[in-house]
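A closer look at the structure
Listed here are the chains, written in short residue letters.
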Amino acid sequence: QRAIEGSEVLEVQVVEIRKRVLGQEHPSTLTSMANLAFIYRSQGGIDTTIALMIQVASLSSVYSAKTI
């Protein structure tokens, strides 16, 4: 359990940094957000997981629309 909690703390930091440096729609940021969602899922936070994955999907479609 401690390892997962440590992973959550680090992944939250990664997401925050990538949002600031790369932007929230960047594929690397979206990957980190998805990774964080899976950490939440492993902790039993299904509602948080779903909300974050919906955000990832929405931002991903925005990014895809911009690159086409």
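No experiment lies behind these values; they were computed from the predicted model shown.

Our focus in this paragraph is helix 2 (residues 27-42). If you check helix 2, its first and last C-alpha atoms are 23 Å apart, about what 16 residues at 1.5 Å a residue would give, namely 22 Å. All of the buried residues in helix 2 are Thr29, Leu30, Ser32, Met33, Ala34, Leu36, Ala37, Ile39 and Tyr40. Immediately beyond the C-terminal end of helix 2, within one or two residues, lies Gly44, with a positive phi of roughly 90°.

Residues Val15, Leu30, Met33, Leu36, Ala37, Tyr40, Leu52, Val56 and Leu59 constitute the largest nonpolar core, which totals nine residues. Sorting the residues of this core by element identifies helix 2 and helix 3 (46-67) as the ones contributing at least two each. For this core, the element with the highest residue contribution is helix 2, accounting for five residues. Apart from residues lying up to four places away in sequence, Ala37 is in contact with Thr49, Leu52 and Met53.

What follows deals with the environment of Leu36. By the element assignment, Leu36 lies in helix 2. Between the alpha carbons of Leu36 and Ala57 there is a distance of 14 Å; along the sequence they are 21 residues apart. Contacts of Leu36, omitting those with residues within four sequence positions, involve Glu8, Glu11, Val12, Val15 and Leu52.

Counted at 1.5 Å a residue, the expected span for helix 1 (residues 2-22) with its 21 residues is 30 Å, and the 29 Å between its end C-alpha atoms agrees. Two residues or fewer after helix 1 comes Gly23, characterised by a positive phi angle close to 100°.

Let's shift gears to the packing of helix 1 against helix 2. Direction vectors running N to C along helix 1 and helix 2 enclose 160°, while the axes themselves pass 9 Å from each other. Considering their axes alone, helix 1 and helix 2 lie roughly antiparallel with respect to each other. Seen along the crossing, helix 1 lies across helix 2 with a hand that is left-handed. Touching Ile4, Ser7, Glu8, Glu11, Val12, Val14, Val15, Arg18, Lys19 and Leu22 of helix 1 are Ser28, Thr29, Ser32, Met33, Asn35, Leu36, Ile39, Tyr40 and Ser42, all from helix 2. Each residue belonging to the contact of helix 1 with helix 2 can be placed in one class, and the counts come to nine nonpolar, six polar and four charged.

Here is what the cut-offs are and how they apply
- Numbers given to residues run from 1 along each chain, matching the order in which its sequence is written.
- Per-residue local features are limited, in this predicted model, to residues with pLDDT of at least 70; the limit for side-chain atom pairs, both in listing and counting, is 80 or more; totals at the level of whole chains, interfaces and linings are taken over all residues.
- As a rule here, side-chain values cover all heavy atoms of the structure and leave hydrogens and water aside.
- The numbering of helices and of strands both runs from the N terminus, where a helix is a DSSP run of H or I of at least 4 residues and a strand a run of E of at least 2.
- What a helix should span is 1.5 Å times the count of its residues minus one.
- Any residue under 20% of the maximum accessible area for its type is buried, any over 50% is exposed, and the rest in between are partly exposed; the area is computed with a 1.4 Å probe on protein chains only.
- By nonpolar core is meant a set of buried Ala, Val, Leu, Ile, Met, Phe, Trp, Tyr and Cys residues that side-chain atoms within 4.5 Å join together.
- Contact criterion: two residues are considered in contact whenever any of their non-hydrogen atoms come within 4.5 Å of each other.
- Each axis is a line fitted through C-alpha atoms, taken for helices only over the stretch in contact, and angles between the N-to-C directions span 0 to 180 degrees.
- Our angle categories are set so that under 35 degrees counts as roughly parallel, over 145 as roughly antiparallel, 65 to 115 as roughly perpendicular, and the remainder as oblique.
- Crossings are sorted by hand: turned counterclockwise from the far helix by less than a right angle, the near helix makes the crossing left-handed, and turned clockwise it makes it right-handed.
- Basically, the charged four are Asp, Glu, Lys and Arg, the nonpolar ten are Ala, Val, Leu, Ile, Met, Phe, Trp, Tyr, Cys and Pro, and anything else, Gly included, counts as polar.

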